[in-house]
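Per-entry structural report
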Amino acid sequence: MQRKTNKQTNNIMKMKKELLASLTSAALFGSVANAEIPLTDDLSAYGYIDMAYTDADDGENLEGGAAEFELGFAFNPVDSKWSAVAELSFRGTGDFSTAGSEDVTTDWETFTISYAASDELSFTLGNILSYQGFETYDATGLFQFSYLGRGPVYSAAYAYGASADYATDDYALGLWIGEADDSLSYEFLAAYTGIEGLTAKFIYADDPGYETANLWASYDVNAFTFAIEYVQTDFTDESELEAYMALVYYSLGDAGITLRFSDVDYDGTDYEKFTISPSYSFSDNVFGLLEVSFVEDGEESATELAAELIYSF
Amino acid sequence: MKTKYNTHLFLLSLCGAVLTAAPSMSFAEAVAQEEFLALQQRVEQLEASLRFVKNTQVEAIATEAFASMPMTPKDKSSLIESVVQTIQAREESANFPWMDAEKWPKLQRGMTPEEVVAVLDQPTLNEPSMHKRVDFVYTYQGRRVATAKKVTGIVRFYKGKVIEIEAPDL
């Protein structure tokens, strides 16, 4: 089974990363947060509601509403090396004029059983998120609303398989192995976090349908976060994708502003986007933003607008 | 802890004695008087042990309460009030160790989650934050035993280090 590619982006979102890190006792970057609502000593629930509206000056109608509701359960006995996570995602199709129950799709996202062999080494089996991407899969980890490309720039998202992850405070290594078209599909991660504020990752994916190299780095200094990313994918149908992204986020306490430039070349078609997105954290659970993006898509140009409000629990 | 252990030991022994005795009840005729007397003696011994444990506990609490009583007659509150306060303090210390006001000033920016837990114990809630410069939040929340006043303390982390501390109003 080929890994899903119908998602805009595939990074390990902050919330999930921390949760999984805690569950496996093998935090990639030393994070130890876990789930939010303890149901029992061993079981907890978490999730978020994402409301978003978008518009553009290219004739598209106002779209949006309840963009996504995600609910996750984490089973993590304190004295056990075993843990499990199950996440259910309800997504709206985004058609504001006809929003209703028929427009909702339901997907399993993370669906895993993990074994923590030590504080550094863990093994996971199930539906696992790809290592690829600076931009997170879920909206909770993004600095802005939209993704850097018109379509997916990462070649993988969730897929069934098994992974082995080794993480220390300074570096992390990961290997995911799955199956696609009766052949092996795998991803390899190398991450470096040995300098305070710096995160650098290299991901290589080899699948019967594609071969991807993804490199990104982010650096926090004072109130600034700087990030750069490069993605290069060769598909078996001989099409190619190459993407660059640069991002600056400036924090003003609870408020912040993101500037992002991206350039994606897919089979000779150029797509450029410049995004400005002011945001505000109303609390640790509520986050809102506005966004305006200036897009050059081949010979056409457009201005895209978005407003988003996320509540996490 | 020792008190709880002794109490549990007593209850377990009592259960054991009852379970041991239960099958014999259906064959009451077959129970020798010696066995019955031995069991009765054992129960009495256990009850005596429990009384001793309780007395020791009360004595310890009373001693602590006397030590904390005001010295001037004018300010002296009742002995009962003092004992109640001591018991409440013990209960609070056992259930909400982070409600000790002396612990919060020990927290500093840059501490790891493990260091925070070593000072305050486990948080009531441990949540990821939507704030871009906060990764996760430890929330310590509960009601004071004596006043039922709800108090909340918050510790925020970014990149594995404490970046913000909101001490509870204790």
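Note that the coordinates shown come from a computational prediction; the quantities given were computed from them, not determined experimentally.

1. Some details on unusual backbone geometry
Although it is not a glycine, Glu 238 of chain A adopts a positive phi angle of roughly 75°. Locating Glu 238 of chain A in the fold gives a position in the loop between strand E12 (224-235) and strand E13 (240-252). On the basis of neighbour counts, which here come to 7 C-beta atoms within 10 Å, the residue Glu 238 of chain A falls in the exposed class. Backbone geometry places Ala 148 of chain B, a non-glycine residue, at a positive phi of 65°. In this fold, Ala 148 of chain B is placed in the loop between strand E2 (136-143) and strand E3 (150-158).

2. Overview of helix H4 (residues 113-120) of chain B
Residue and element names in this part refer to chain B. Within H4, burial applies to Pro 113, Val 116 and Leu 120. In an axial view of H4, the angular spread of the buried residues amounts to 60°, which keeps them on one side of the axis. Facing away from the buried side of H4 by over 90 degrees, the exposed positions are Glu 114 and Ala 118. One or two residues past the end of H4 sits Asp 121, with phi positive at roughly 80°.

3. A closer look at the sheet that holds strand E4 (residues 161-166) of chain B
All names here are of chain B. Spatially, the four strands line up as an open sheet ordered E1-E2-E3-E4, and their pairing is antiparallel. Of all strands in the sheet, those bounded by a partner on one side alone are strand E1 (125-128) and E4. Taking each pair of neighbouring strands and ignoring which way they run, the sheet shows an average axis angle of 20°. Pairing analysis gives five bridges linking E3 to E4, with the strands arranged antiparallel.

4. Details of the domain arrangement of chain B
Taken domain by domain, chain B consists of domain 1 (2-94) and domain 2 (97-166). Residue classes in the side of domain 1 of chain B that touches domain 2 of chain B are distributed as no nonpolar, three polar and two charged.

Cut-offs applied
Residues numbered from 1 in each chain as written. Chains lettered and ligands numbered in written order. Predicted model: local features only at pLDDT ≥ 70, side-chain atom pairs only at ≥ 80, totals over all residues. Helix = DSSP H or I, 4+ residues; strand = E, 2+ residues; numbered from the N terminus. Buried ≥ 20, exposed ≤ 12 C-beta atoms within 10 Å, placed from the backbone. Arc of directions from axis to C-beta. Pairing = 2+ DSSP bridges. Axes fitted to C-alpha atoms, helices over the stretch in contact; angles between N-to-C directions. Domains from an automatic or database assignment. Nonpolar A, V, L, I, M, F, W, Y, C, P; charged D, E, K, R; others polar.

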